[in-house]
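# Structural characterization, general
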Amino acid sequence: MAATAKSVSSDNTLPWVEKYRPTELKDVVGNQETVDRLNVIAMSGNVPNLILAGAPGIGKTTSILCLAHTLLGPTYKEAVLELNASDDRGIDVVRNRIKMFAQKKVNLPTGRHKIIILDEADSMTPGAQQALRRTMEIYSNTTRFALACNLSGKIIEPIQSRCAILRYGKLQNEQILHRLVEICRFENVEYTPEGLDAIAFSADGDMRQAVNNLQSTASGFGLITPENVFRVCDQPHPVVIRKMLENCSKGDVDEAVACVTHLWTQGYSAIDIITSIFRVVKVYDELDEDKKLRFVREIGTTHMRIVDGLQTLVQLQGLAARLSKFALPEKAFKA
């Protein structure tokens with residue numbers, strides 16, 4: 001999810017996430033090892049069937065589109081079929097639309113293939129995946145498939161064995177911040193460093209969400225500050241969560257519980273609060289390593305209970321009490 005000055009579209013009506021989508025592999029942010037593998041494929045020209053697995057918004061579809069653009073040049077749009085999860089992707093689509101595209105004659109550079117991109121491929125029905133397996137074999141001389149998914153385990157094994165699997169990790173905050181600064185300069189958006197840090201924090205490694213949050217904040221307030229960002233993102237403010245963790249580390253149960261209760265009364269759900277607590281504790285450097293690990297374990301246990309349906313204020317208050325317990329001497333709890 002990146003763009004250089006040369007590749008930025010001049011269309012001001014486009015969302016920034018599309019306006020600044022890269023068209024060349026060298027512009028893709030993060031996951032350098034995976035992008036290097038795609039560069040090797042681009043140089044050889046012989047593309048295998050691919051599975052691109054990873055979290056949303058980290059460049060899976062973008063990088064395969066960049067690869068297709070590099071390989072196919074002017075014939076790029078004619079020789080690429082992209083289907084998203086919003087399309088019906090049952091067995092009929094495989095039998096009709098995908099098969100018709102695979103049979104279509106297109107003038108391609110020597111040794112190149114048509115490319116079919118199936119975004120969110122893990123949402124395809126089992127029947128469609130079985131039909132796709134056979135289609136991949138029949139048209140292997142002319143067509144290559146790229147399947148982007150969040151979980152490669154949901155792709156049936158016969159398809160996995162026919163593909164090279166590329167795994168993508170979440171982007172680092174530094175990588176996201178670098179791109180956000182570039183976009184702010186292109187768009188003449190005023191910002192504070194703390195405001196961009198807040199966007200990177202709220203995105204949690206998702207470049208697409210970061211760019212969308214940047215545009216929403218810029219169009220709504222004109223200035224990127226932490227207060228404006230969290231008003232747009234509507235997430236529990238990390239300052240309140242950090243205060244809760246400080247009270248827990250000092251053993252101040254009442255103040256820690258008050259912080260959690262304050263977030264709850266603001267209308268945030270239990271899952272939003274526990275997710276933000278986990279993300280803040282990961283970067284909370286005031287805790288020593290042993291105590292941080294004990295905090296993470298308790299937060300994970302509470303997260304599991306909340307996901308199972310126990311989304312109550314008592315669960316969060318209990319978490320604050322258990323975290324505070326770690327700061328108190330054991331004799332305080334003996335009868």
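Summary of the structure given here. (Residues numbered from 1 in each chain as written. Predicted model: local features only at pLDDT ≥ 70, side-chain atom pairs only at ≥ 80, totals over all residues. Heavy atoms only, no water.)

## Let's talk about the overall build of the chain
Threshold: The helix count covers DSSP runs of H or I at least four residues long, the strand count covers runs of E at least two residues long, and both are numbered beginning at the N terminus. For the exposure calls, accessible area comes from a 1.4 Å probe over protein chains only, and a residue counts as buried if that area is under 20% of its type's maximum, exposed if over 50%, partly exposed in between. Every residue pair with non-hydrogen atoms within 4.5 Å of one another is taken to be in contact. All accessible-area figures derive from a Shrake-Rupley calculation using a 1.4 Å probe, and residue coverage is judged against the displayed protein chains alone. By the counting rule applied here, Lys and Arg register as positive and Asp and Glu as negative, while His and the ends of each chain are not counted. By convention, the charge on Lys lies at NZ, on Arg at CZ, on Asp at CG and on Glu at CD.
Within the chain one finds 15 helices and seven strands. Once the C-alpha set of the chain is aligned to its principal axes, its extents read approximately 80 × 45 × 30 Å. Buried positions account for 47% of the 335 residues belonging to the chain. At a minimum sequence separation of 6, the contacts of the chain that also span at least 24 residues come to 72%. Of the roughly 16,700 Å² of accessible surface on the chain, a fraction of 50% belongs to carbon and sulfur atoms. The chain carries 40 positive and 39 negative side-chain charges, and their two centres are separated by 7 Å.

## Concerning unusual backbone geometry
For N188, which is not a glycine, the phi torsion comes out positive at approximately 55°. Take N188: it is sitting in the loop between α7 (173-187) and β6 (190-191). Take N188: its relative accessible area is 70%, and that puts it in the exposed class.

## Focus: the sheet that holds strand β5 (residues 164-167)
As a reminder, the rule being used: Should DSSP find at least two bridges between two strands, the strands are taken to pair. The angle between two axes is taken between their N-to-C directions and runs from 0 to 180 degrees, where each axis is a line fitted to C-alpha atoms and a helix contributes only its stretch in contact.
Across the sheet, which stays open at both edges, the five strands sit in the order β2-β3-β4-β1-β5 with parallel pairing between neighbours. Both outer strands of the open sheet, β2 (80-83) and β5, are each paired with one neighbouring strand and no more. Along the sheet, successive strands turn relative to each other by an average axial angle of 15°, direction set aside. The pairing of β2 with strand β3 (residues 114-118) spans four bridges and is parallel. Looking at the pairing, L83 lines up with L118 of β3.

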